[in-house]
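Observations on the model geometry
Chain by chain, the residues run as shown.
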Amino acid sequence: MSDMTAVQGTKSNGLAQPIYLDYQATTPCDPRVVEAMLPYFTERFGNPASRNHYYGWEAEEAVEKAREEIATIIGADAKEIVFTSGATESNNLALKGVAYFYREKKNHIITVVTEHKCVLDSCRHLEQDGFRVTYLPVQKNGLIRLEELEAAITDQTVMVSVMAANNEIGVIQPLAEIGAICRKHGVFFHTDGAQAVGKIPLDVNAMNIDLMSISAHKIYGPKGIGALYVRRRPRVRLQALINGGGQERGMRSGTLATPLCVGLGEACRIAQAEMDEEAKRLTALRDRLLKGVSDRLPEVYLNGDAKLRLPGNLNISFAFVEGEGLMMGVKDIAVSSGSACTSASLEPSYVLRALGLDAEMAHTSLRIGIGRFTTEQEIDYAINHIVEAVSRLRELSPLWEMHLEGIDIKSIKWAGH
Amino acid sequence: MSYSEKVIDHYEHPRNVGAFKKDDDGVGTGLVGAPACGDVMKLQIKVSAEGVIEDAKFKTFGCGSAIASSSLVTEWVKGKTLDEAAKIKNTDIAHHLALPPVKIHCSVLAEDAIKAAIADYKKKNGLDETSAA
């Protein structure tokens, strides 16, 4: 989330620490996950690749059980799961690994302008290495147009990479439809599932997904581990990025981090068991927050599709109030902003710009992430807190004053700087 | 990122928020920045017949540092002559608020706002534009 800046709140109003509402950035480990991991740091410390003694077998058994749980949540087979250090590595491995393996035959990749930086940056890297990349635009609601995707496919296209759910605006792409198009044209379909796995139902076979990146720390697992699903039938082959002892069927060498693997597995098991109920609860909290602020504040806009989005995501523009200034005002909640005021460039979020939002509207956005440990009381507190801060900052805003006077701020010739 | 205590103080207790009537002859208005860049400052000065800034008001769309910079300059310009106010430098603002390098542009904007407000006042009152520099 390099474009999102987070300001840590301070102690006030009797809160020991700010309310965490940034679940798309990361999630706390579920205590049940930590519980499952602990023995593998100490007494069960074996190397899962040690095939010749008890310690190795014990670790291997734990890793394979985790692999099974990860496979189950996406409808895959355990043999199709490769452990990595996280979704960034998985995305790198999927894009570069497939591109380099098939480069003699095909040299074209299709992706989307709103992908995570690690996908876009991997694609830039491939472009510098002679590959051709098509970056599909998105509609106002953040979704791609299927006909544009199909039209972009050529006989040189090796892979389509479209994220399952967006990290900033939470919109869910039509995966089954994309998968069907890819299968029809004999093109691999990779999806970055970092934000979607464990939140919405996914099935690699029903959706014709050939590769999927998975992150543990977005689903109440530990940081530092992820996985890549790589389809076996029809087989997807890729060139390893990390060479060594040939672990993970040669696709990713390096000793497996047993406790982290166990943590990811347990996180998937819990997410699978509780997904339906959790999605219902989070959707209700999300809608309550949006309604709460919209009822009390004018000029509030939801960015990204209202229905086809993650249960726990909101991205809201509070017109005429700058996002970073607003984050400083809502110090009792920990959220992110699409404003990039702290970064070297003054460019706001490229994802919001891709929706066709004016730069000024992109500067006024907050991303609010709701998750497993968010309570209704916290949401109600957040509503009041946001409404008060936005109201106060609008009193301070020359743009709000112009708006009330009926002046269109677009009609003014701004100097810029 | 963390803000200095002075920035937080100005952000939480901004001085001289508000507006004067733009059309008053004694009022100079400076509007600088751009919404697309994430900062807009409106600084107004009320000038006495003797050419002294009697009062100042501001409104700012921007981050905490932008709000603090403009709040601070409303305090600084009060009681100064136009020539004295025109000498306020962005570096003084940045230093006083302990702004980090990425926030220096906020202090530059505040300096620009003072200059724009003075220029507006002079233009309205038919005063020589160059004498302030």
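Residues numbered from 1 in each chain as written. Chains lettered and ligands numbered in written order. Predicted model: local features only at pLDDT ≥ 70, side-chain atom pairs only at ≥ 80, totals over all residues. Heavy atoms only, no water.

1. Structural notes on a positive patch on the surface
Residues Lys79(A), Lys105(A), Arg232(A), Arg233(A), Arg235(A), Arg237(A) and Arg249(A) make up a contiguous surface patch of positive charge. For Lys79(A), the location among the structural elements is in the loop between helix H2 (54–73) and strand S3 (81–84). (Patch = residues over 30% accessible without salt bridge, like charges linked within 9 Å, V, L, I, M, F, W, Y side chains within 5 Å. Areas by Shrake-Rupley, 256 points an atom, 1.4 Å probe, with all protein chains shown as cover. Salt bridge = Lys/Arg side-chain N within 4 Å of Asp/Glu carboxyl O. Lys, Arg positive; Asp, Glu negative; His and termini not counted. Charge placed at Lys NZ, Arg CZ, Asp CG, Glu CD. Helix = DSSP H or I, 4+ residues; strand = E, 2+ residues; numbered from the N terminus.)

2. Quick word on the state of the cysteines
Residues and elements named next belong to chain A. According to the stated counting rule, one finds 0 disulfides over all chains in the structure shown. Cys-123 supplies the cysteine sulfur nearest to Cys-182, a cysteine that is in no disulfide, at a spacing of 14 Å. Given the relative accessible area of 1%, Cys-182 is considered buried. (Disulfide = S-S within 2.5 Å. Buried < 20%, exposed > 50% of the residue type's maximum accessible area, 1.4 Å probe, protein only.)

3. With respect to the interface of chain B and chain A
Frequently, the measure chosen for interface size is the accessible area removed from exposure when the parts meet. Listed as interface residues are 30 residues of chain B and, on the opposing side, 31 residues of chain A. Of all residues in chain B, Tyr11(B), Pro35(B) and Phe61(B) give up the largest surface area on contact with chain A, accounting jointly for 25% of the area buried on that side. Where chain B touches chain A, the interface holds 4 salt bridges. Ionic pairing is found between Lys103(B) and Glu324(A), a salt bridge with its closest N-O pair at 2.9 Å. For the interface between chain B and chain A, the tally reads 12 residue pairs in polar contact (both at pLDDT 80 or more). Elements that contribute at least two residues to the side of chain B that touches chain A include exactly helix H1 (5–12), strand S1 (27–34), strand S2 (39–47), strand S3 (53–61), helix H2 (64–77) and helix H5 (104–124) of chain B. Broken down by element, the residue count for the side of chain B that touches chain A peaks at 4 residues, all from H1(B). When grouped by side-chain class, the residues that make up the side of chain B that touches chain A number 19 nonpolar, 6 polar and 5 charged. (Contact = heavy atoms within 4.5 Å. Buried area = accessible area lost by both parts, 1.4 Å probe. Polar contact = N/O pair within 3.5 Å; in protein donor to acceptor, adjacent residues only side chain to side chain. Nonpolar A, V, L, I, M, F, W, Y, C, P; charged D, E, K, R; others polar.)

4. Comments concerning empty space enclosed by the protein
Inspection of every chain in the model, using the stated rule, returns 2 cavities of 30 Å³ or more. Looking at the largest cavity, its volume works out to about 120 Å³. The wall of the largest cavity is formed by 16 residues, among which Lys199(A), Glu278(A), Leu282(A), Gly312(A) and Ile370(A) lie closest to the centre. Residues that form the lining of the largest cavity fall into these classes: 8 nonpolar, 6 polar and 2 charged. In this structure, the lining of the largest cavity is formed jointly by two domains, domain 1 (19–28 + 274–404) and domain 2 (31–270) of chain A, each of which donates at least three residues. Lining the second largest cavity are Phe320(A), Val321(A), Glu322(A), Leu393(A), Ser397(A), Thr60(B), Phe61(B), Gly62(B) and Ile67(B). The class makeup of the residues in the lining of the second largest cavity is 5 nonpolar, 3 polar and 1 charged. (1 Å grid on protein atoms, 1.4 Å probe; cavity = no way out; pocket = protein on both sides within 12 Å on 5 of 7 lines; lining within 4 Å. Points joined across faces, edges and corners; volume = space filled by probe spheres on them. Domains from an automatic or database assignment.)

5. Considerations on unusual backbone geometry
Keep in mind that most residues, glycine aside, have a negative phi and that most peptide bonds are trans. Residue and element names in this part refer to chain A. The step from Arg-233 to Pro-234 runs through a cis peptide bond, and the omega angle for that step is -10 degrees. Inspection of the secondary structure puts Pro-234 in the loop between strand S9 (226–230) and helix H7 (258–296). For Phe-320, which is not glycine, the phi dihedral falls at a positive 75 degrees. Relative to the helices and strands, Phe-320 is located in the loop between strand S11 (313–318) and helix H8 (323–329). The buried category is assigned to Phe-320, whose relative accessible area is 12%.

6. Structural notes on the pattern of salt bridges
Residues and elements named next belong to chain A. Tallying each qualifying case throughout the model produces 29 salt bridges over all chains. Arg-124 is paired through a salt bridge with Glu-127; the nearest N and O atoms lie 3.0 Å apart. One end of the pair, Arg-124, and the other, Glu-127, are both in helix H4 (residues 117–128), 3 residues apart, so they sit about a helical turn from each other.

7. Regarding the sheet that holds S3(A)
Residue and element names in this part refer to chain A. Spatially, the 7 strands line up as an open sheet ordered S3-S9-S8-S7-S6-S4-S5, and their pairing is mixed. Every interior strand has two partners, whereas the edge strands, S3 and strand S5 (132–136), have only one. Within this sheet the neighbouring strands show an average axis-to-axis angle of 20 degrees, counted without direction. Where strand S6 (residues 157–161) meets strand S7 (residues 188–192), 3 bridges bridge the pair, whose relative direction is parallel. Each bridged residue has a counterpart across the sheet, and for Met-159 the counterpart in S7 is Phe-188. Contacting strand S4 (108–112), S5, S6 and S7, H4 crosses the sheet at an angle of about 150 degrees to S5. (Pairing = 2+ DSSP bridges. Axes fitted to C-alpha atoms, helices over the stretch in contact; angles between N-to-C directions.)

8. Focus: the confidence of the model for chain A
When pLDDT is averaged across chain A, the result is 94; 94% of the residues are at 70 or more. Low pLDDT (under 50) marks residues 1–11 of chain A, which in the prediction has 36 contacts with non-local residues, meaning those over four places away or in another chain. (pLDDT = per-residue confidence, 0-100.)

9. Points about the sheet that holds S1(B)
Residue and element names in this part refer to chain B. Read across the sheet, 3 strands follow the order S1-S2-S3 without closing on themselves; strand pairing throughout is antiparallel. Edge strands, defined here as strands with exactly one partner in the open sheet, are S1 and S3. Taking the axes of each pair of neighbouring strands and ignoring which way they run, one obtains an average angle of 10 degrees across the sheet. Where S1 meets S2, 8 bridges bridge the pair, whose relative direction is antiparallel. Residue pairing across strands places Ala-34 opposite Asp-39, the latter belonging to S2. The strands touched by H2 within the sheet are S2 and S3, with S3 carrying the most contacts at an inclination of about 175 degrees.

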